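Residue-level structure breakdown
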Amino acid sequence: MPTNVYVTEEELKKQEKIMKEIAEENKGKNLYYHIETYGCQMNVHDSEKLAGMLEEMGYKYTENLEQADVLLFNTCAVREHAEIRVLGRVSQMKELKARNPNLIIGVSGCMMQEKNVVEAIKEKYSYIDIVFGTHNIYKFPQLLWEALNSQDIVIDIIEDTKNVIEELPVKRDSNLKAWVNIIYGCNNFCTYCIVPYTRGREKSRKPEDIIAEVKELAQKGYKEITLLGQNVNSYGKDLDEDITFAKLLYRLNDIEGIERIRFMTSHPKDISDELIYAMRDLDKVCEHLHLPVQAGSNKILKKMNRKYTKEHYLEIIDKVRSNIPEISITTDIIVGFPGETEEDFLETLDLVERVRFDAAYTFIYSKRAGTVAANMPDQVDDAVKHERLERLIELQNKISLEKSAELRGKIVEVLIEGISKRDSNKLTSRTRTNKVVHFVGDESLIGKLANVKITETKAWTMQGELVEVIR
Ligand code: SAH
Ligand code: SF4
Ligand code: F3S
């Protein structure tokens, strides 16, 4: 079994040295950065690392793009629509750069792992200063230094890496909840998906490193962690040690101070009994499972290379619910995959009715160059895709409302996260099942666990009343 080659200390020392040099250079200058992030939690957390490095180099965060000295766009390639939106946004920055020639504009993330995108940037977006991908964010200080010291565009893309990067500075968005990477990349090659091409093969972090990070978070007062990976159930398969995702959960559950453990995403083909029992038995592991099903037709699931059937998926749901009755289950669904007929789509609706998901993220199939499905025959007409999406959303909304309504009058445990954005008299909190509850309460309760009684329900957000503070 191969083990991961960690980025050498020498390489990281070099970056640290550059960070210090830039920080020295920036002293007393009042410089600002802004980062726009697209895509999944992976990208959100990568942006927190980029922010961490920028702060070490003496930049402060600003909401205001006009004030920024460094402006980064951390991009997502999962659907074409998202790509077009980012490029549109980036092209608006030309004016900003014309007004402020010292502004450094960088683009990073999954889109930069696509050759045609980098070519287009070189040709059409000459005002961009730095282009880098998903595998080398640790090199950002060096790339910034090069951009600050030359007129040329700095491009640094590597196709894949066995490196797992530890100990980058991180500027976290919250001081209560933290993202923790456990595995990078994906080996599944679902035929519609670009992620294996943009994020490379699976690379697990060593359990000791994850545990050390979580202990440090606990010491700093963090209450909740979310373990991140494209497929967390594959955790450890590429390591020499005797470790699985479930075993990792047991070890993390012991860390004092952490109240809640979440994770995403799980692949149905890899859900083990060991994991279901861990979720049932570990007090800190929350009762929420995000389990993307993608489609209900076995023919389509096969063409998607998902490696499970509708029946198998339903069996998993049964097993999960019989062990953890109060669990909330969410999913991702794609409509209009090549070859999807009305009958196939009805299988998806049937599955949704049978499972009764708490929520579903629904997507229209988007053709991604380089993936197997992009060249499949029988691509579905746009109008048909939209019509199916609407029917699916309508059904799911009805179910989401009904599922939420079941909670009315119940008392649930919430973690209080902050002041509600909509109503400053209220606090915003989350149940263990990941639903949002607003209730009247004092700011001093932020960070505490409490019991609240649910009074009103919508699809995902609810109103409640404080019953008691737990701790
Ligand atoms: N690793 C995760 C998330 C992958 S991307 C997982 O396996 O679930 C998040 C979601 O985007 C996927 O679950 C899928 O529903 C959707 N998606 C991915 N590629 C897509 C495409 N080409 N068109 C439409 N939706 C897509
Ligand atoms: Fe994409 Fe499939 Fe991997 Fe998820 S499991 S990232 S959908 S290839
Ligand atoms: Fe998008 Fe990359 Fe995440 S393609 S969904 S940002 S892994």
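All of these numbers come straight from a predicted model, not from anything done at the bench. (Residues numbered from 1 in each chain as written. Chains lettered and ligands numbered in written order. Predicted model: local features only at pLDDT ≥ 70, side-chain atom pairs only at ≥ 80, totals over all residues. Heavy atoms only, no water.)

1. Looking at the pattern of salt bridges
Our working definition: For salt bridges, the criterion is a side-chain nitrogen of Lys or Arg within 4 Å of an Asp or Glu carboxyl oxygen. Relative accessible area decides the class of each residue, using a 1.4 Å probe on protein chains only: under 20% of the type maximum gives buried, over 50% gives exposed, and in between gives partly exposed.
Enumeration over the complete set of coordinates arrives at 37 salt bridges. A salt bridge links Glu-24 to Lys-27; the nearest nitrogen and oxygen atoms lie 3.6 Å apart. Note on accessibility: Glu-24 and Lys-27 belong to one class, exposed. With a shortest N-O distance of 2.7 Å, Lys-310 and Asp-350 are connected by a salt bridge.

2. Quick look at the nonpolar core
In globular proteins that are soluble, nonpolar side chains generally tend to be buried together. The criterion, for reference: What we call a nonpolar core is a set of buried Ala, Val, Leu, Ile, Met, Phe, Trp, Tyr and Cys residues that are connected through their side-chain atoms within 4.5 Å. Residue contacts are defined here by distance: any two heavy atoms, one from each residue, within 4.5 Å place the two residues in contact.
Judged by nonpolar contacts, the single largest core of 70 residues is most densely connected at Leu-227, Leu-249 and Leu-252. The residues contacting Leu-252, other than those within four sequence positions of it, are Ile-210, Ile-211, Val-214, Ile-225, Leu-227 and Ile-261.

3. Topic: the domain arrangement of the protein chain
Condition: An automatic or database domain assignment supplies the start and end points of every domain. Summed over both partners, the accessible area (1.4 Å probe) lost when two parts come together is defined as the buried area.
Once the domains are mapped, the protein chain shows domain 1 (4–161), domain 2 (177–405) and domain 3 (411–469). If you average the C-alpha positions of domain 1 and of domain 2, the two centres end up 29 Å apart. Counting from both sides, the interface comprises 23 residues of domain 1 and, opposite them, 26 residues of domain 2. In this assembly, domain 1 packs against domain 2 so that about 2,100 Å² is buried in total across both faces, 51% of it on carbon and sulfur atoms. At the boundary of domain 1 and domain 2, one finds two salt bridges. Between Glu-83 and Arg-368 there is a salt bridge; the shortest N-O distance is 3.1 Å.

4. A word on the pairing of strand 11 (residues 260–264)
Here is the rule: Segments assigned H or I by DSSP are reported as helices when at least four residues long, segments assigned E as strands when at least two residues long, and all are numbered from the N terminus. Think of it this way: DSSP has to see at least two bridges between two strands before they count as a pair. Consider the strands pointing away from the viewer: the crossover is right-handed when the path from the first strand over the helix to the second runs clockwise.
In terms of burial, strand 11 is a largely internal element, four of the five residues being buried. Sheet topology note: the strand 10 (residues 224–228)/strand 11 ladder contains five bridges and is parallel. Within strand 11, the position partnered with Glu-224 by the bridge is Arg-260. Read from strand 10 through helix 9 (residues 245–253) to strand 11, the crossover connection turns out right-handed.

5. Regarding the site of ligand 1
Our working rule: Summary of the distance rule: residues count as near a molecule or strand when at least one heavy atom falls within 4 Å of that molecule or strand. Pairing of N or O atoms within 3.5 Å defines a polar contact, subject to two protein rules: one partner must be a possible hydrogen donor and the other a possible acceptor, and residues neighboring in sequence count only if both atoms are side-chain atoms. Working definition of accessibility: Shrake-Rupley area with a 1.4 Å probe, residue cover restricted to the visible protein chains. Residues are grouped as follows: Ala, Val, Leu, Ile, Met, Phe, Trp, Tyr, Cys and Pro are nonpolar; Asp, Glu, Lys and Arg are charged; all remaining types, including Gly, are polar.
Close contacts around ligand 1 come from 14 residues, with Tyr-192, Gln-230, Gln-294, Asp-332 and Ser-366 the closest. Within the side chain of Gln-294, one N or O atom sits 2.7 Å away from an oxygen atom of ligand 1. When the free accessible area of ligand 1 is taken as 540 Å², the share hidden by the protein chains comes to 89%. Going through the elements one at a time, strand 13 (328–335) and strand 14 (359–364) are the ones with two or more residues in the shell around ligand 1. Of the residues in the shell around ligand 1, the class split is seven nonpolar, four polar and three charged.

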